[in-house]
Amino acid sequence: MTIQLPGSDGALRTYEPRTEPLAVTPGTPFTSRTVFSAAHVVADPFADVSPDSPAAVDWDATLAFRRHLWSHGLGVAEAMDTAQRGMGLDWAGAAELIRRSAAEAKAVGGRIACGVGTDQITGGTLAEIRAAYEEQLALVEESGAQAILMASRALAATAAGPEDYLEVYGHLLRQAAEPVVLHWLGPMFDPALAGYWGSADLDAATEVFLEVIAAHPDKVDGIKVSLLDAQREVDLRRRLPQGVRCYTGDDFNYPELIAGDEQGFSHALLGVFDPLGPLAAQAVRILDTGDTAGFRALLDPTVELSRHLFQTPTRFYKTGVVFLAWLAGHQTHFTMVGGLQSARSLPHFARAYELADGLGLFPDPKLAEDRMKTLLALYGVTR
């Protein structure tokens, strides 16, 4: 079996797919790390909608994918950036996703945490932003899921300085029923979040972030850091109050951050653990035995694929995630909410296929090859 793949120079080259997938089996949750996969949503390909219409979601396929992640012991981080939150999935769609996924988690005994934001508004006063956060926090808490307080575009646009972040987050943490995860998403994932925590200087922003946590350590389960800066995450991790976890969101440096050092380690909440779910789960089980070298040997080779999926513009990584889910047989089509399947090029898809196939990520390599050839044919590659 061979396939013709276009490179970045537009020339076709011959690739020979592997014939057997990586051998992985479902298993129980982990003992040494808490690991969440931020899961994508599956669009309804038969809905007659336009890119700016409310999202049409295939609920059966979407929930089936979450059961797949839970079966491998992973937690699900729901209604996050990977689920196209703010990029095709509006608050009404996210609310329905939270309700359905939280109910499914209860039914199967899966761990779930859900994103709380302000995307039902585009701007407003600090009071209106607080109210938007409160509405979403109430829904997540009513569903029985853990809350992840996400960064707010509206707050980034409205806040006059650090004091406004301290006021809004302090208000929310005081009323949270259970400890939450604070999410710091960098502008590479969402340009509208530039200057979050009141400063474009990351050192100054870090001090404000830590001040929020220090004022309410009993209400912060952990922090999720998505800045793609491993050393900054390590430095921040070492300054957290006792009992507050660091969940890495660094899709470039996750193996070393999860493995940790003599002073600590990061847990994980990662978008790349959507396509890497079974392999990542197997790696963490190896780490549970104390075999750090074995963990790194299995997970380190995945970084090239992750860096490819998350290359700039980083916010379009969701396209590669859904593409790989289609090739892996988790959904029957390559259609995305908001038409986002068009956000990456054919050479990008070809390289993603090659890297994922090389890792053995496709349960049925022949199915993945056939679907890749179908996509190539749509783009005019006929041999």
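The preceding data block contains the structure.
Residues numbered from 1 in each chain as written. Predicted model: local features only at pLDDT ≥ 70, side-chain atom pairs only at ≥ 80, totals over all residues. Heavy atoms only, no water.

Asks: Got a minute to help me understand the overall build of the chain in this structure?
Replies: In terms of regular secondary structure, the chain is built from 14 helices and 10 strands. Taking the intrachain contacts of the chain between residues at least 6 apart in sequence as the baseline, contacts between residues at least 24 apart amount to 71%. Within the chain, one finds 31 positive and 48 negative side-chain charges whose respective centroids are separated by 3 Å. (Helix = DSSP H or I, 4+ residues; strand = E, 2+ residues; numbered from the N terminus. Contact = heavy atoms within 4.5 Å. Lys, Arg positive; Asp, Glu negative; His and termini not counted. Charge placed at Lys NZ, Arg CZ, Asp CG, Glu CD.)

Asks: Even after reading the chapter, I still don't get the packing of helix α9 (residues 277-288) against helix α10 (residues 292-299), so can you show me in this structure?
Replies: In a packed pair of helices, the relevant descriptors are the angle between the two axes and the axis-to-axis distance. For the pair α9 and α10, interaxial distance at closest approach is 7 Å and the crossing angle is 165°. Taken together, the axis directions place α9 and α10 in an arrangement best described as roughly antiparallel. Handedness of the α9/α10 crossing: left-handed. Contact with α9, carried on its side by L279, A280, Q282, A283, V284, I286 and L287, involves T292, G294, F295, L298 and L299 of α10 and no other residues of that element. Taken together, the residues that form the contact of α9 with α10 break down as 9 nonpolar, 3 polar and no charged. (Axes fitted to C-alpha atoms, helices over the stretch in contact; angles between N-to-C directions. Parallel < 35°, antiparallel > 145°, perpendicular 65-115°, else oblique. Left-handed = near helix turned anticlockwise from the far one by under 90°. Nonpolar A, V, L, I, M, F, W, Y, C, P; charged D, E, K, R; others polar.)

Asks: For this particular structure, what's the right way to read the side chain of T319?
Replies: Relative to the helices and strands, T319 resides in helix α12 (residues 317-327). The residues contacting T319, other than those within four sequence positions of it, are F334, M336, L340, Q341, A343, R344 and F349.

Asks: So what exactly am I meant to see when it comes to the sheet that holds strand β8 (residues 220-226) here?
Replies: Two orientations exist for strands paired in a sheet by backbone hydrogen bonds: parallel and antiparallel. Here we have 8 strands rolled up into a closed barrel, ordered β3-β4-β5-β6-β7-β8-β9-β10, and parallel in their pairing. Taken over all neighbouring pairs, the strand axes of this sheet differ in orientation by 25° on average, direction set aside. Sheet analysis places strand β4 (residues 75-78) next to strand β5 (residues 112-116), joined by 3 bridges and oriented parallel. Counted as the bridge partner of A77 is A113 from β5. The strands touched by helix α2 (residues 91-108) are β4 and β5; relative to β5, the strand with the most contacts, the crossing angle is about 165°. (Pairing = 2+ DSSP bridges.)

Asks: I tried to follow the pattern of salt bridges on my own but got confused; where do I start?
Replies: Opposite charge on two side chains allows them to pair when their charged atoms are near. A full pass over the atoms with the stated rule returns 20 salt bridges. With its nearest N and O atoms 2.7 Å apart, the salt bridge here joins E304 to R351. Within this pair, whereas E304 is found in helix α11 (residues 303-309), its partner R351 is found in helix α13 (residues 346-359), the two being separated by 47 residues in sequence. Where salt bridges share partners, they join R13, E304, R351 and E354 into one cluster. (Salt bridge = Lys/Arg side-chain N within 4 Å of Asp/Glu carboxyl O.)

Asks: Help me out: how do you make sense of the packing of aromatic side chains in this one?
Replies: Aromatic rings in a pair are described by how distant their centres are and how their planes are angled relative to each other. Throughout the structure, instances matching the rule amount to 20 aromatic pairs. On the basis of an interplanar angle of 80° and a centroid distance of 6.4 Å, the ring pair of W184 and W197 is categorised as edge-to-face. Here W197 lies in the loop between β7 (180-185) and α6 (202-215) and W184 lies in strand β7, a separation of 13 residues in the sequence. This pair shows no difference in class: W184 is buried, exactly as W197 is. The rings of Y133, Y165, Y169, W184, Y196, W197 and F209 are connected pair by pair, giving a single aromatic cluster. Over the ring of F265 we find R33, and its NZ or CZ is 3.5 Å from the ring centre. (Phe/Tyr/Trp six-rings, centres within 6.5 Å; stacked < 30°, edge-to-face > 60°. Buried < 20%, exposed > 50% of the residue type's maximum accessible area, 1.4 Å probe, protein only. Lys NZ or Arg CZ within 6 Å of the ring centre and 35° of its normal.)

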